[in-house]
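Descriptive structure summary
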Amino acid sequence: MFSPLYRSTKLRSAMSIPGRTRNALLCLSVPLAIVLTVVGGVAARAATGPIAILGVASETRTLLPHLTHRKNVVVLHVPYVTGVLNGVPVVVARSGVGKVNAAMTATILIGHFHPACIIFSGSAGALNPNLQPGDVVIGAKTAEHDFGTLYSTGMSHEPTDGIAERKQNPMYFPANPRLLKAAELAASRMHEEPIDVGSGPHTPRVVVGTIVTGDVFVADQNTNDALRKYFHADAVEMEGAAVAQVCWEQNVPFLAIRSISDNANRQTPTMFDKFYKLAARNSARLVMAIVQIYSTKPASY
Ligand code: ADE
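Reading guide: rules and limits
- Residues numbered from 1 in each chain as written.
- Predicted model: local features only at pLDDT ≥ 70, side-chain atom pairs only at ≥ 80, totals over all residues.
- Heavy atoms only, no water.
- Salt bridge = Lys/Arg side-chain N within 4 Å of Asp/Glu carboxyl O.
- Helix = DSSP H or I, 4+ residues; strand = E, 2+ residues; numbered from the N terminus.
- Buried < 20%, exposed > 50% of the residue type's maximum accessible area, 1.4 Å probe, protein only.
- Near = heavy atom within 4 Å.
- Polar contact = N/O pair within 3.5 Å; in protein donor to acceptor, adjacent residues only side chain to side chain.
- Areas by Shrake-Rupley, 256 points an atom, 1.4 Å probe, with all protein chains shown as cover.
- Nonpolar A, V, L, I, M, F, W, Y, C, P; charged D, E, K, R; others polar.
- Expected span 1.5 Å × (residues − 1).
- Pairing = 2+ DSSP bridges.

**Observations regarding the pattern of salt bridges**
Summed over all chains, the structure comprises 6 salt bridges. The salt bridge involving Arg228 is made with Asp234; its shortest N-O contact spans 3.6 Å. A salt bridge links Arg258 to Glu237; its shortest N-O distance comes to 3.1 Å. Placement of Arg258 in strand β14 (residues 254-262) and of Glu237 in strand β13 (residues 235-237) is noted, with a sequence separation of 21 residues between them. Here Arg258 and Glu237 have matching classes, each one buried. Members of the salt-bridge network, linked through shared partners, are Lys99, Glu144 and Asp146.

Written out as structure tokens, the structure is:
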């Protein structure tokens, strides 16, 4: 998958090839284009659009002031903002809370804007006990922790069913490898200031890990332990894997970035209020750096 910039440069150089050679190339390229369109489906169209950034709510408020050429666009009653972020065309939207809102926002976005990729920026509860408020998790994979069968003995977690052409969804949706690489590079270049999160000064860390998603706000240590044990997950939130599922089925590159706002236990209500804005800011900062790197030629990183 190439950035819009990279694709257009390639197309321009093909147009400068002289007469007969160009005709021969065109004869070959028409059947090839048909095959690529059928095989690639949505992906072939998606590569031409802006980079999409979704956030639950205040994550997008952090990003919007950085946009130039801002335009509000409402599609099927859902508001989107298009613009340019440090030279890169983007579309930004609030997903709202929960899997259904997030999946709807992503699906409409894909159908209308044909994004090159979608990056989710938000906060999360920590399942990994080593994580502290403000730390950031790059989601190498995401899973829906509330999909399955509920027996009297407990929950059996199962992979979701796909409705698009790729019928069987995996239990874990892998992040797009190029986005993941861009995120790791962006993280290696970040310089965070130490902050006081209650246990003395702490310099926020970025880790690559697993994020689980469900339609519940987790504020209970037993649930936290169970999710950590079953999914080996680092963070829990309420939207990421729902968007990952839509992107998986529609062949759109996806990555979830989440910064820790709470411990997903009984301290959660007070911690969330205290650290939500810090988490939103840290996540958005990394996402902005990822956008810069991802929009350059893939071979350059
Ligand atoms: N988002 C931020 N904190 C969360 C938590 N504890 N549970 C679910 N989603 C969250």
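The discussion continues.
**What to know about the site of the ligand**
The environment of the ligand is formed by 13 residues, the closest being Gly125, Phe217, Val218, Glu237 and Asp262. Here Gly125 contributes a backbone N or O atom positioned 3.3 Å from a nitrogen atom of the ligand. For the ligand, a nitrogen atom lies 2.6 Å from a polar atom in the side chain of Asp262. Expressed as a share of its isolated accessible area of 260 Å², the protein-covered part of the ligand is 96%. Taken together, the elements giving at least two residues each to the shell around the ligand come down to β5 (117-126), β13 and β14. Class assignment of the residues belonging to the shell around the ligand gives a composition of 8 nonpolar, 3 polar and 2 charged.

**So, helix α6 (residues 177-189)**
Between its first and last C-alpha, α6 extends 19 Å over 13 residues, near the 18 Å set by a 1.5 Å rise per residue. Along α6, the positions that sit buried rather than exposed are Arg178, Leu179, Leu180, Ala182, Ala183, Ala186 and Ala187. Of the residues flanking the start of α6, the one acting as N-cap is Asn176, its side-chain oxygen 3.1 Å from the backbone nitrogen of Arg178.

**A look at the pairing of β14**
Burial analysis of β14 places 9 of its 9 residues in the buried class, the great majority of the element. One ladder, built from 4 bridges, connects strand β6 (residues 136-144) with β14; its direction is antiparallel. Bridge pairing links Val136 to Ser259 in β14.

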